[in-house]
Amino acid sequence: MRKTEPSGLRRRTTSLLTALSFVVLAVSGVLAFFLPFSIEVVGLHALMGFVFVGLIGIHLFNNVRAMKGYLRSRALWVSLAITSAFGLLFYFQPAPIKSLLGLSGNFGPAMERFEMSEDGMVFQYAPAAEYRMELRVKTGSAYDLQNPPQVAIWLENQGAYHIKTLLTPEGEGLPYWEFKHAGWERAKAEAGKEPDAVSGPTPNGSFDPADYILPADAENSTPYKLLIEINQADNDQSSLVYAVEIDNLDPSTYQLLELVGYPKREDEDGKEAWSLFYVDASVGSALELIDSALLMIDRR
Amino acid sequence: MMNEQTDRRNFLQKSLLGTTGLTGIGASITSTGSVTAETVSQAAEGEIRDEVDVLVVGGGTAGHVAAIQAGRNGAKTLLVERGAQLGGMTTTGGVSFPGLFDAWGKQVIAGIGWELVKEAVELDGGKLPNFAKVPQRHWMNQVYVNQFLYAILAEEKCEQAGVTIAYHEFPASVEKTMGGWQVDCVGFGTRRRVICKQIIDCTGGAEVVGMMGFSRLREEETQPGSMLFQLGEANNPGRHQLHRLYVHGADSSNSRTVTKANMTGRKSVLAKLRKEKKRLMHLQPEAGFRESYRIEGETIITVNDYTSGRVFEDAVSNAFYPVDLHTKNGVKPKPLKRGKVPTIPLRALVPKGSENVIVAGRCVSSDRLANSGLRVQASCMGMGQAAGAAASLAAKKQTTPLKVPLAEIHALLKEHGAIVPVKRS
């Protein structure tokens, strides 16, 4: 009995769709390297992945005879071995791969994940196999998913110096984070060292995030803070800052972030400075942007 | 007046010239014919006798505030201080940033202590912190005062309140009487018998309470003291903190231990000076002490009470500072959780089983960790005012501080600007 072959038009259409979706997938994949927290880019890449998988299925069905031929080919097994090697390498991410991924954006998608849904935001940070941080922000009643507020997440040492940005905001509008981040950039420039090795510009110890997050000498580690600044661009209220202190000497798996205050510009000796002020009557609906923010740290 | 001063100056100059022109001091005294060793002794002693309502022992951070409050309430008040000025740790110790008066965006400690701090800062052209601002670190809302100015202002306010100050004196013995206490104080060239209705012990280590035989608490190893100094650059009072060296084993219990602490501190400063080859620009006359004895009071403030911000039924003042235990390895302050403001109950100021005596300051009845936060100056000022109010009211009513209606103590404190803790329902 003669098998029905797919029509030429169907075959060509499927092949072209597969090829074009592959191009979109590849380009969005490369873009995700540079814009790891762009909802548009990551969304495009992920959803196009589903389309691509579907098209591959049709493509395989259309070319089942040719595929059977490959099974007897040595090239198939060589290709499979190479693809598997890349797959394993990229999945488990040994140090060189991590360094490469570290060039992505501010930190590298290897260590961070950011997701956003109607219920809130989830930010994951796993700088080591034995250390996983997850921040769950439940959105409040004033949170507009269609027009989401700007958010920055960063770490500060006990001296209140910025040591690492975990989530860089898109655009402007988060003055406190910008002030802190700019101070860190300035300190880096003054120290003339790499971002992860800045130390000594202040009397407050190391600027190397690893010294706080995964200290070599845990007994002598100092607490550090995780902060969120959030701002709804189209309201006339100030941004708000939430924070929690993390102490590796007194570890807690779950900690709630607390509202610290709102930033206000002050000039100190003619220099621009931003300080936080306790929330007063000038803050209204901004208080409803976040319902709660829970930090989970899994130290294995 | 001018003539009198000129005459006196001339007299002194002549006397001095007279002595230098003679062969010895003994000869000069003899030559005057009117002053002998015997008459000097009699003139100095005459056993001064004071009858007062309230005797405040120790003019430090809590003591001068207690005395001013008692004096302002109309009590005849005597303040006995072993040193040469008021202010204690703020002035003599050089810790001229007297703790935190605010918590979580609002002022929690005010009253007489704050009145003095504010006036000292304003007169000095300094700057008061904005309490609406979130401090990035726990000490950032500290108020810097000019220690020299503060000491003078404290003295002025005592005098204005009618308080008699007796410097360079300390109680040698305390005896219970029918209506209060008989306290014999000694200073150089002075012996003073004080008959008083109430005693406020603000010695830091509850030394008078110890003399009375009431129970006190003490750790085997106490927190180090600090010797404050300035190397290389001039001291800028009221603007910056001084340099600090730990004096391990510093103990304020008596003149011998204080002598030892001061000498140890100065030796350390000298060693540092030699090592760093810088000029010594300032040195405090005495080490700052953090810990010695605490009383065992009618209640004891625990660290859980402190960190949870428990509002005691008989709370008379607020306190605010991290749990701040200094050890040989330094200090890692543990800030209080958001919204928490510890309070001080009146019972923690009263030695267990006592009458007619109350304490204020770092000897407050508390466990060690709670005390590491309570001992800070602003909190001690609050306690001082509360003790001054309770003791002066007790003296008026011929009763003991614990029997004074709490509402009257609160009312008096409020009248004098203090912030009284409110029990939240």
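Conventions and cut-offs
- Residues numbered from 1 in each chain as written.
- Chains lettered and ligands numbered in written order.
- Predicted model: local features only at pLDDT ≥ 70, side-chain atom pairs only at ≥ 80, totals over all residues.
- Pairing = 2+ DSSP bridges.
- Helix = DSSP H or I, 4+ residues; strand = E, 2+ residues; numbered from the N terminus.
- Axes fitted to C-alpha atoms, helices over the stretch in contact; angles between N-to-C directions.
- Core = buried A, V, L, I, M, F, W, Y, C linked by C-beta atoms within 7 Å.
- Buried ≥ 20, exposed ≤ 12 C-beta atoms within 10 Å, placed from the backbone.
- Domains from an automatic or database assignment.
- Contact = placed C-beta atoms within 7 Å.
- Nonpolar A, V, L, I, M, F, W, Y, C, P; charged D, E, K, R; others polar.
- Parallel < 35°, antiparallel > 145°, perpendicular 65-115°, else oblique.
- Left-handed = near helix turned anticlockwise from the far one by under 90°.
- Arc of directions from axis to C-beta.

Draft legend 1. The arrangement of the sheet that holds strand β7 (residues 240–246) of chain A in detail. Residue and element names in this part refer to chain A. Across the sheet, six strands lie side by side as β5-β4-β6-β7-β9-β10; this open sheet has antiparallel pairing. Looking at strand neighbours, the two that pair on one side only are β5 (162–167) and β10 (271–277), the edges of this open sheet. Within this sheet the neighbouring strands show an average axis-to-axis angle of 30°, counted without direction. Inspection of the sheet shows strand β9 (residues 258–268) paired to β10 by seven bridges, in the antiparallel sense. Bridged to Y262 within β10 is F277.

Draft legend 2. Geometry of the nonpolar core. Judged by nonpolar contacts, the single largest core of 112 residues is most densely connected at L55, L349, A387 and A390 of chain B. It is helix α11 (residues 377–397) of chain B that provides the largest number of residues to this core, a total of 12 residues. For this core, the domains that each give at least three residues are domain 1 (48–217 + 293–415) and domain 2 (225–283) of chain B. The contacts of A390 of chain B, once residues within four sequence positions are left out, are L346, I358, P401, V404 and I409 of chain B. Residues L135, I153, W177 and Y262 of chain A belong to the second largest nonpolar core, which totals 41 residues.

Draft legend 3. Looking closely at the domain arrangement of chain A. Structurally, chain A comprises domain 1 (8–72) and domain 2 (112–299). Summarising the inter-unit geometry, the C-alpha centres of domain 1 of chain A and domain 2 of chain A are found 38 Å apart.

Draft legend 4. Inspection of the interface of chain B and chain A at higher detail. At the interface, eight residues of chain B touch eight residues of chain A. Here the side of chain B that touches chain A is built from residues that sort into three nonpolar, two polar and three charged.

Draft legend 5. Seen up close, the environment of M116 of chain A. With respect to the element layout, M116 of chain A can be found in strand β1 (residues 112–116). The contact partners of M116 of chain A, leaving out residues within four places of it in the chain, are I39, M121 and P148 of chain A.

Draft legend 6. Layout of the sheet that holds strand β11 (residues 243–247) of chain B. Residues and elements named next belong to chain B. Spatially, the three strands line up as an open sheet ordered β11-β10-β12, and their pairing is antiparallel. The open sheet is flanked by β11 and β12 (280–283), the only strands paired with a single partner. Each adjacent strand pair in this sheet contributes to an overall mean axis angle of 35°, direction not counted. As paired elements, strand β10 (residues 225–231) and β11 share five bridges and run antiparallel to each other. Counted as the bridge partner of M227 is L245 from β11. Contacts from helix α8 (residues 255–276) reach β10, β11 and β12 within the one sheet, and its direction differs from that of β10 by about 35°.

Draft legend 7. Structural detail: the domain arrangement of chain B. Residues and elements named next belong to chain B. As assigned here, chain B comprises domain 1 (48–217 + 293–415) and domain 2 (225–283). In this structure, domain 1 and domain 2 have C-alpha centres spaced 25 Å apart. With 17 residues of domain 1 at the interface, the matching set in domain 2 holds nine residues. Residue composition of the side of domain 1 that touches domain 2, by class: six nonpolar, eight polar and three charged.

Draft legend 8. Representation of the packing of α11 of chain B against helix α12 (residues 406–415) of chain B within the structure. Residue and element names in this part refer to chain B. Axis separation between α11 and α12 bottoms out at 9 Å; the angle between their running directions is 125°. Considered as vectors, α11 and α12 are oriented oblique to each other. At the point where α11 passes α12, the crossing takes the right-handed sense. On the side of α11, the interface is formed by Q385, A386, A389, A390 and L393, while α12 contributes E408, I409, L412 and L413.

Draft legend 9. The arrangement of α12 of chain B in detail. Residues and elements named next belong to chain B. Where α12 is concerned, the buried positions are I409, L412 and L413. Projected down its long axis, α12 carries its buried residues within an arc of 100°, all on one side. Counted as exposed and oriented over 90 degrees from the buried face of α12: A407 and E415. Of the surrounding elements, those touching the buried residues of α12 are α5 (111–123), β14 (315–318) and α11. Immediately downstream of α12, the backbone of G417 shows phi near 85°, a positive value.

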